[in-house]
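# Structure at a glance
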Amino acid sequence: MSGEHASMRIIDGYVRGGADIAADEVWAVEAHLEECRVCRDRLSAAVRAQATAAAVRGPDVAALVDTVWSGLEPQLAATVPMPRRRFWSSRLSKWLTPTMVPWLAMVASVTLLALMLDLVDADSGEVSLVLLLAPVLPVLGVAASWSRGLDPAYELTASVPRAGLHLVLRRTTSVLVVLVPVLSVGGWTTGVTAWQWLLPCLAFTSATLALGGVIGVNRAAVALVTVWAGVIVAPTLATSRTTFALQTDGLSVWGLILALGIGVVIARKGAYSVLGAHR
Amino acid sequence: MMRAVSVADIAPTPYAWQIRAAGLKVRVGRKRMAVDGLDLSLGTGVHGLLGPNGAGKTTLIRALATVLRPTEGTLELLGEPVGGRGEHRALRRRIGYLPQEFGYYKRFTVREFVEYMAWLKEVPKADIPAAVQRAVERVGLADRADERMKALSGGMVRRVGIAQAIVNDPTILLLDEPTVGLDPAQRLRFRELLQELGMDTCVLVSTHLVEDVAAACTDVVLFAQGRLVFQGTPEGLAAAGGPEHVGDSPLERGYSALLQGPVKHGGSW
């Protein structure tokens, strides 16, 4: 606020009320009091001073205030305070919807299962299941976060100002935050370099979002998982050796897909604020 | 509660109509035009959107809520043209929307859900608790505010839907079939709320109950096969019908008289 404060004359007049103070001055002093702590303190001091002065004269403001207070007190005691917020609602719901939780749990347990199979079966083949599954797991999570079938509030979500790329990215981030640690444990125990699974994983996520803006996130996820199963998983399991796509040589291609996906997502960011992206 | 008046509150409105559509067409699926060349201007007040099933009411409301992009024609909301690639964030902050299928999260309490929606609608963080309380009180759910949504009856869920629509104090309020599942007493209360809101808001209520329109609306928009059939006062709608038309009340007779005109029905209903 500005350095100016209400004068003692105005404050005293305000406390006494009545004709001592003009209506515009009342407005001004009230507006000032709302924002100025110093003047509020001076006001309460003035009230107290006048109350003691008036106590000599007879019935006073203090007595009136006491009466009102004693009338209010039982009512205030009966009012139930607002229950404490649950952690879930306040913080977490800004990052994921309740419907995403079971999906994330499922995806995380599939990863752990794949990891266990890898560890048990370590000698027989050189194909790592974790490596095979890593790229498509986040796709499922992303689909669950922006899907007509899985998110009951999808239409409401599409209509709000926060809808759009911003919210999609928030939810995608929360999917990755859950999955990347699980996958890195898996990658570390099976001896795969981080880039080998992280890049395909991110590339597939960005491709889902890019394609999702055009045909809907759900359909994009189904399409990409099908492609992945047909082109990478089936040949790998048939020949039981890691395909070129997951060798370290293929990394530049994955990087390219990632960059392309991010580019398309940014260019078409308006697509996520309409119903089409929920298909 | 006293609130400081901001510049935005006292700025003159730069538009004549809150909702203005000219030659509006909205495509659904590949071929079907659910809204087919609509000219409509709506200002402050409660507008009842009437029409047979499949008339395109929901599509129109979705287009007005900016979740469907117009295929052709112009649509201006609060003076801002809608369409193209934009996200319309500033505009959406001033729209309240209750979809026909109101989906919600069962685990949330009423308060949590309305708070969540307030957050999604970018209500300033400091204002959220008060705005939520006000919205919940207006729909008469203050005593159930801390119950889980799954414990509520259908009518109460509907009222939560109305609460989330009004939590951001919208200038345009779009309600798609809000009276479904409300019992008669609740419907009366809801009509009062509509009239209250209609004082300073452009409210568009889609309904298939003609008596809702008679009781709460200042204006009727009759819509069939994607086109505007009639716009005027409820009295005007009643005047269109004569004793020879089907219906139990003057409004119903007017409704059937206007729909019999140039528009052909697809089926026997």
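Since we're looking at a predicted model, the values are computed, not measured. (Residues numbered from 1 in each chain as written. Chains lettered and ligands numbered in written order. Predicted model: local features only at pLDDT ≥ 70, side-chain atom pairs only at ≥ 80, totals over all residues.)

### Here we look at the overall build of chain A
Regarding its fold elements, chain A presents 13 helices and zero strands. Each helix and strand of chain A, placed in order from N terminus to C terminus, yields the pattern α-α-α-α-α-α-α-α-α-α-α-α-α. Within chain A, the fraction of its 279 residues that count as buried is 34%. Sequence separation of 24 or more characterises 77% of the internal contacts of chain A that already satisfy a separation of 6 or more. (Helix = DSSP H or I, 4+ residues; strand = E, 2+ residues; numbered from the N terminus. Buried ≥ 20, exposed ≤ 12 C-beta atoms within 10 Å, placed from the backbone. Contact = placed C-beta atoms within 7 Å.)

### Some remarks on the domain arrangement of chain A
Segmenting chain A into domains produces domain 1 (8-78) and domain 2 (87-268). Look at where the C-alpha atoms of domain 1 of chain A and domain 2 of chain A centre, and you get two points 64 Å apart. (Domains from an automatic or database assignment.)

### Quick word on the sheet that holds strand S5 (residues 80-81) of chain B
To summarise the sheet geometry, strands pair through backbone hydrogen bonds and adopt either a parallel or an antiparallel arrangement. All names here are of chain B. The sheet built from four strands is open, its strands ordered S2-S1-S4-S5 with antiparallel pairing. If you trace the sheet from one side to the other, it starts and ends with strand S2 (32-42) and S5, each paired once. Note that strand S1 (residues 19-28) and S2 share eight bridges and pair antiparallel. Residue pairing for S2: Val26 is matched across the bridge by Val35. (Pairing = 2+ DSSP bridges.)

### Considering the sheet that holds strand S9 (residues 219-224) of chain B
All names here are of chain B. One open sheet holds the six strands; their spatial order is S6-S7-S8-S3-S9-S10, and the pairing between them is mixed. Two strands in the sheet have a free side with no partner beyond their single neighbour: strand S6 (95-98) and strand S10 (227-232). When the angles between neighbouring strand axes are averaged without regard to direction, this sheet yields 15°. Where S6 and strand S7 (residues 172-176) come together, four bridges link them in parallel fashion. Bridge assignment links Gly96 to a residue of S7, and that residue is Leu173. Together, strand S3 (45-50), S7 and strand S8 (202-206) form the strand contacts of helix H7 (residues 184-197), whose direction differs from that of S8 by roughly 145°. (Axes fitted to C-alpha atoms, helices over the stretch in contact; angles between N-to-C directions.)

### What to know about the environment of Ala163(A)
Residue and element names in this part refer to chain A. Here Ala163 is to be found in the loop between helix H9 (154-159) and helix H10 (165-190). The class of Ala163 is buried, set by 26 C-beta atoms lying within 10 Å. Through-space distance from the C-alpha of Ala163 to that of Tyr272 is 7.0 Å; in sequence the pair is 109 residues apart. With near-sequence residues (within four places) excluded, Ala163 lies in contact with Thr157, Ala158, Tyr272 and Ser273.

### Looking at the interface of chain B and chain A
Facing the 27 residues of chain B at the interface are 22 residues of chain A. Among the elements of the structure, helix H3 (89-92) and helix H4 (110-120) of chain B are those that each provide at least two residues to the side of chain B that touches chain A. Looking at the side of chain B that touches chain A, its residues break down into twelve nonpolar, two polar and 13 charged. (Nonpolar A, V, L, I, M, F, W, Y, C, P; charged D, E, K, R; others polar.)

### Section: the confidence of the model for chain B
As a note on interpretation, predicted positions should not be read in detail where pLDDT is low. Residue and element names in this part refer to chain B. Mean pLDDT for chain B: 87, with 94% of residues reaching 70 or above. Long-range and interchain partners of residues 263-269, a stretch whose pLDDT sits below 50, account for three contacts in this model, where long-range means more than four residues apart. On the interface metric, ipTM, the complex scores 0.84, and its pTM is 0.79. (pLDDT = per-residue confidence, 0-100.)

### Section: the UniProt feature "transmembrane region" (unreviewed entry) in chain A
Under the UniProt annotation, "transmembrane region" (unreviewed entry) lies at residues 95-117, 129-147, 168-188, 194-214, 221-239 and 251-271 of chain A. Secondary structure content for residues 194-214 of chain A is 100% helix and 0% strand, and the end C-alpha separation is 31 Å. (UniProt positions renumbered as here; feature names shortened; annotations may be inferred.)

### Overview of helix H12 (residues 217-239) of chain A
Residues and elements named next belong to chain A. Taking 1.5 Å as the rise per residue, H12 with 23 residues should run 33 Å; its terminal C-alpha atoms sit 32 Å apart, in good agreement. Of all the bends in H12, the greatest, near 35°, is centred on Ala229. Of the residues making up H12, those classed as buried are Val217, Asn218, Ala220, Ala221, Leu224 and Thr236. Looking one or two places after H12, you find Ser240, whose phi comes out positive at around 45°. (Expected span 1.5 Å × (residues − 1). Bend = angle between axes of the 7 residues up to and from the residue.)

### Side note on the nonpolar core
Grouped together as the largest cluster of nonpolar side chains are 132 residues, with contacts concentrated most on Val114(B), Ala163(B), Val167(B) and Leu174(B). It is helix H11 (residues 194-215) of chain A that provides the largest number of residues to this core, a total of ten residues. Not counting residues up to four positions away in its chain, the partners in contact with Ala163(B) are Val114(B), Ala135(B), Val136(B), Val139(B) and Leu141(B). By size, the runner-up hydrophobic cluster in this structure holds five residues, among which are Ala6(A), Ile11(A), Tyr14(A) and Val29(A). (Core = buried A, V, L, I, M, F, W, Y, C linked by C-beta atoms within 7 Å.)

### Here we look at helix H8 (residues 137-145) of chain A
Residues and elements named next belong to chain A. For H8, a buried count of nine out of nine residues is recorded, marking the element as mostly surrounded by other parts of the structure. Within H8, the full set of buried residues consists of Leu137, Pro138, Val139, Leu140, Gly141, Val142, Ala143, Ala144 and Ser145. Elements in contact with the buried residues of H8: helix H6 (100-120), helix H7 (129-133), H10, H11 and H12.

### What about the environment of Val47(A)?
Topologically, Val47(A) is positioned in helix H3 (residues 37-57). Taking the C-alpha atoms as reference points, Val47(A) and Ile21(A), 26 residues apart in sequence, are found 16 Å from one another.

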